[in-house]
Amino acid sequence: MITGTEIGTFIGFNWTGTTWQNDTNITGNLGDIGDYSSLTVFEKSGTTYLIGGNEAGNYYGFNWSGTQWQVDNNITGGLIFTDYCASPTVFLKDSTYYLISSGCSTNFFGYN
């Protein structure tokens, strides 16, 4: 599990089978994407991706190399500034991936 923070960094956890424990390895190489970071993690064609949004309405893309996250600008191609407090969610429906993002003004933006 990965969560964003008010100061733009990420905190990772892993499940031991009985409890969640802090795991800095899962957030290594993500860095600071900006204040009030939020994220979505999903798998597509055998690759795990992370898209993070921030208070300024910007998106950042990463993919999991098997040992760390690496920047992947391709996964955020076509995403434009939507609204402050970008909060992305990705889901798969009928073989199409969708991203819905909400902002501070309660507007929603959708992509496929």
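Here the structure is shown first, and the text comes after it.
A. Quick look at the packing of aromatic side chains. Within this structure, the stated rule accounts for 5 aromatic pairs. Taken together, Phe-42, Tyr-49 and Tyr-97 form an aromatic cluster joined through their ring pairs.

B. Quick peek at the sheet that holds strand β2 (residues 10-15). With respect to topology, 3 strands assemble into an open sheet ordered β1-β2-β3, the strand pairing being antiparallel. The sheet is open, and its two borders are formed by β1 (2-4) and β3 (20-22), each paired with just one other strand. Adjacent strand axes in the sheet meet at a mean angle of 35°, parallel and antiparallel pairs treated alike. Bridge count between β2 and β3: 3 bridges; the pairing is antiparallel. Opposite Trp-15, over in β3, you have Trp-20 as the bridge partner.

C. Here's a closer look at the nonpolar core. Counting 9 residues, the largest nonpolar core consists of Phe-42, Tyr-49, Ile-51, Tyr-59, Leu-79, Ala-86, Val-90, Leu-99 and Tyr-111. Contacts of Ala-86, omitting those with residues within four sequence positions, involve Ser-38, Gly-53, Asn-54, Gly-57, Asn-58, Tyr-59, Ser-101 and Ser-102. Core analysis: the next-biggest nonpolar cluster, separate from the first, contains 8 residues, Ile-2, Leu-50, Phe-62 and Trp-69 among them.

D. Examining the pairing of strand β9 (residues 96-102) more closely. Judged from the 7 bridges that link them, strand β8 (residues 87-93) and β9 form a sheet pairing that is antiparallel. From the neighbouring strand, Lys-93 faces β9, where its bridge partner is Thr-96. Linkage of β8 to β9, two consecutive antiparallel strands, is achieved through a turn of 2 residues, within which Asp-94 is found at a positive phi near 50°. Bridge count between β9 and strand β10 (residues 108-111): 4 bridges; the pairing is antiparallel. Paired with Leu-99 across the two strands is Tyr-111, which belongs to β10.

Rules of the game
- Residues numbered from 1 in each chain as written.
- Predicted model: local features only at pLDDT ≥ 70, side-chain atom pairs only at ≥ 80, totals over all residues.
- Heavy atoms only, no water.
- Phe/Tyr/Trp six-rings, centres within 6.5 Å; stacked < 30°, edge-to-face > 60°.
- Pairing = 2+ DSSP bridges.
- Helix = DSSP H or I, 4+ residues; strand = E, 2+ residues; numbered from the N terminus.
- Axes fitted to C-alpha atoms, helices over the stretch in contact; angles between N-to-C directions.
- Core = buried A, V, L, I, M, F, W, Y, C linked by side-chain atoms within 4.5 Å.
- Buried < 20%, exposed > 50% of the residue type's maximum accessible area, 1.4 Å probe, protein only.
- Contact = heavy atoms within 4.5 Å.

Function cannot be inferred from these measures alone, as they are strictly geometric.
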